[in-house]
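Remarks on the overall topology
Spelled out, the chains give:
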Amino acid sequence: MTSRGGSPPGHRRTSGPAPLTVGVEEEFLLVDPGTRQVVPAAPPVIATARARLGDLVGPELTRYQVETRTAPHRDLGALAEQLYANRLHVSRAAAAHGAGLVSSGTPVLAPGGPPPLMPGDRYARSARTFGALDEEQVCCACHVHIGVDSREEAVQASNHLRGWIAVLIAVAANSPLWDGRDTGHASWRTLCWARWPAAGPPPYFESAGHYDELVAGLVDTGVIIDAGGVYWDIRPSHHLPTLEVRVADAGLTVDDTLLIAALVRGAVAAALDAVRAGLPAPPTDPHLLRAASWRSARNGLTSALIDPASRGLVPSSRLMRGLLDWIRPALARHGDAERVASLVSRLGLHGTGAVRQRAALRRRGEASDSVDYLLARTLAAPTLGTDRR
């Protein structure tokens, strides 16, 4: 990926390797402002939004969903501005067709029955292959792409990142509600996706060749329909020179998305440093990783989490500090340290998206209040755009 952003004034970078690029895919839900249920308005909304966004907006699996993409950036301020602009343009397109835009990992309210799928051969083939799995996938994620030219290094970096998946899930939790009720999980989307045959924490790979061999085997045996059907939390992109990290629920606000993007870039940079230094990645037990992901999806940051390194429960704040300590040199190198410190502080003050959705629900016990809250906060302006002195 190439960059369109430079270093903003007032944010000094340390010397070292060139900053990694970061690009983001965000998935959104369309809702009826009256009923607050998701509404199948994606085809006309996408067509209208493309007048401003071109191919940066496109379809997802169902007609309830829209996906946006950013260009690759080196500067988080420029990334924040594009994320916000994408949301504004899609929201205006939605309004033109009587719908509202919300950023939540799962729909709060939905009509009964299977969701209407988008047209297309791949979606039809997926429906034939996976049946009810597709029918229950009205879920929205935030995917972060980090520019890594070497597929070999990307796969090796994935090995080093596996132990941090759980804390990233907790930070990004924004899907506590489903069918008008609290699921008891901060990230219900994570649990929905865990049912797919190639999902959750990725295996430990010996090499890029090992990765390709395993994916080819999954395709050949019909477990997935193509390489795009690999839904592991971390994967080298099958069509871009990037490492894609897929752990996050759709971010409630641009600030939430920006924090995940910054943490992921810092973690990938730290992992690449370890790979290039010849440091071995810990071969963490895959069952422990799945257990850690479940506990993070269950509790978010509100309770103790599983630390794959110690194999025990630790306060979520300690695990978060551990991640920040590991990526601190990479954050400084990218000029992100101050921004991340501010965003982490705001997270501590306001809580995750899941905490905020539940707070809206508790006010009157009405699920519609959570939808109204989502409608308002999805378009909240970022607090940390490009410095404008």
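Here the structure is shown first, and the text comes after it.
What counts and what doesn't
Residues numbered from 1 in each chain as written. Predicted model: local features only at pLDDT ≥ 70, side-chain atom pairs only at ≥ 80, totals over all residues. Heavy atoms only, no water. Helix = DSSP H or I, 4+ residues; strand = E, 2+ residues; numbered from the N terminus. Rg over C-alpha atoms; globule rule 2.2 N^0.38 Å. Buried < 20%, exposed > 50% of the residue type's maximum accessible area, 1.4 Å probe, protein only. Contact = heavy atoms within 4.5 Å. Core = buried A, V, L, I, M, F, W, Y, C linked by side-chain atoms within 4.5 Å. Pairing = 2+ DSSP bridges. Salt bridge = Lys/Arg side-chain N within 4 Å of Asp/Glu carboxyl O. Phe/Tyr/Trp six-rings, centres within 6.5 Å; stacked < 30°, edge-to-face > 60°. 1 Å grid on protein atoms, 1.4 Å probe; cavity = no way out; pocket = protein on both sides within 12 Å on 5 of 7 lines; lining within 4 Å. Points joined across faces, edges and corners; volume = space filled by probe spheres on them. Axes fitted to C-alpha atoms, helices over the stretch in contact; angles between N-to-C directions. Parallel < 35°, antiparallel > 145°, perpendicular 65-115°, else oblique. Nonpolar A, V, L, I, M, F, W, Y, C, P; charged D, E, K, R; others polar.

Right, let's talk about the overall build of the protein chain for a bit. When its secondary structure is counted, the protein chain shows 14 helices and 13 strands. The C-alpha atoms of the protein chain give 20 Å as radius of gyration, which agrees with the globular expectation for 389 residues (21 Å, within 12%). Viewed in the frame of its principal axes, the protein chain has a C-alpha envelope of about 55 × 55 × 40 Å. The buried share of the protein chain, reckoned over its 389 residues, is 56%. Sequence-distant contacts in the protein chain: of pairs separated by 6 or more residues, those separated by 24 or more amount to 77%.

Right, let's get into the nonpolar core. Leu-263 and Val-268 are the most contacted members of the largest nonpolar core, which has 55 residues in total. Non-local contacts of Leu-263, meaning those with residues more than four positions away in its chain, are made with Leu-168, Val-171, Met-320, Leu-324, Ile-327 and Val-340. The next biggest cluster of nonpolar side chains, apart from the first, holds 18 residues, and it includes Leu-30, Val-57, Val-90 and Met-118.

Where burial is concerned, most of strand β1 (residues 22–31) is hidden: 10 out of the 10 residues are buried. Side chains of β1 alternate between two faces, with Val-22, Val-24, Glu-26, Phe-28 and Leu-30 and Gly-23, Glu-25, Glu-27, Leu-29 and Val-31 buried alike. Where β1 and strand β5 (residues 141–147) come together, 5 bridges link them in antiparallel fashion. Along β5, the bridge assignment pairs Val-24 with Val-144. Taken together, the 3 bridges between β1 and strand β4 (residues 100–102) define a ladder with antiparallel strand orientation. Counted as the bridge partner of Leu-29 is Val-102 from β4.

The next subject is the pattern of salt bridges. It is possible for side chains of opposite charge to pair when their charged atoms get near one another. Within the structure shown, the criterion is met by 17 salt bridges. With its nearest N and O atoms 2.8 Å apart, the salt bridge here joins Asp-372 to Arg-36. On the criterion of sequence distance, the pair formed by Asp-372 in helix α14 (residues 367–377) and Arg-36 in the loop between β1 and α1 (42–53) is long-range, its members being 336 residues apart. Classification of Asp-372 as partly exposed rests on a relative accessible area of 30%. Two residues, Asp-255 and Arg-346, come together in a salt bridge whose shortest N-O distance is 3.6 Å. In this pair, Asp-255 sits in helix α9 (residues 254–276) while Arg-346 sits in helix α12 (residues 337–350), placing the two residues 91 residues apart along the sequence. In this structure Asp-255 comes out as buried when scored by relative accessible area, which is 9%. Classification of Arg-346 as partly exposed rests on a relative accessible area of 31%.

On inspection of all chains with the given rule, the structure shows 8 aromatic pairs. Their ring planes at 90 degrees and their centres at 5.4 Å tell us that Trp-196 and Tyr-231 sit as a pair that is edge-to-face. Taken as a pair, Trp-196 in the loop between α7 (188–193) and β8 (199–200) and Tyr-231 in strand β9 (residues 231–232) lie far apart in primary sequence, 35 residues in all. Ring-pair connections join several aromatic residues into one group, and the members of that group are Phe-130, Trp-193, Trp-196 and Tyr-231.

Moving on, we come to empty space enclosed by the protein. Enumeration over the complete set of coordinates arrives at 5 cavities of 30 Å³ or more. The space that makes up the largest cavity amounts to roughly 120 Å³. Lining the largest cavity we find 18 residues, and of these Val-171, Ala-172, Gly-251, Asp-256 and Ile-260 sit closest to its centre. For the lining of the largest cavity, the elements supplying multiple residues, two or more each, are α6 (165–172), β11 (242–249), α9 and α13 (353–364). At 4 residues, the largest contribution of residues to the lining of the largest cavity is made by α9.

Attention shifts here to the packing of helix α5 (residues 151–161) against α9. Interaxial distance between α5 and α9 falls to 8 Å at its minimum, and their mutual angle equals 110 degrees. Classed by the angle they form, the pair α5 and α9 counts as roughly perpendicular. Listed contacts from α9 to Glu-153, Gln-156, Ala-157, His-160 and Leu-161 of α5 are Ala-267, Val-268, Ala-271, Leu-272, Ala-274, Val-275 and Arg-276. In the contact of α5 with α9, the residues fall into 8 nonpolar, 2 polar and 2 charged.

Turning our eyes to something else, we now look at the packing of α9 against helix α11 (residues 316–334). Their axes nearest at 8 Å, the elements α9 and α11 cross at an angle of 85 degrees. One element, α9, and the other, α11, form an angle in the roughly perpendicular class. On the side of α9, the interface is formed by Ala-262, Leu-263, Arg-265, Gly-266, Ala-267, Ala-269, Ala-270, Ala-271 and Asp-273, while α11 contributes Met-320, Leu-324, Trp-326, Ile-327, Ala-330, Leu-331, Arg-333 and His-334.

Let us look at the layout of surface pockets. The calculated volume of the largest pocket comes to roughly 880 Å³. Around the largest pocket sit 40 residues that line it, and Glu-60, His-143, Trp-193, Tyr-231 and Arg-246 are the ones nearest its centre. Tallying contributions element by element places α7 first for the lining of the largest pocket, with 4 residues. Tallied by class, residues from the lining of the largest pocket come to 15 nonpolar, 12 polar and 13 charged.

Where burial is concerned, most of β11 is hidden: 8 out of the 8 residues are buried. Sheet topology note: the strand β10 (residues 234–236)/β11 ladder contains 3 bridges and is antiparallel. Paired with Arg-235 across the bridge in β11 is Glu-244. As consecutive antiparallel partners, β10 and β11 are separated by 5 residues.

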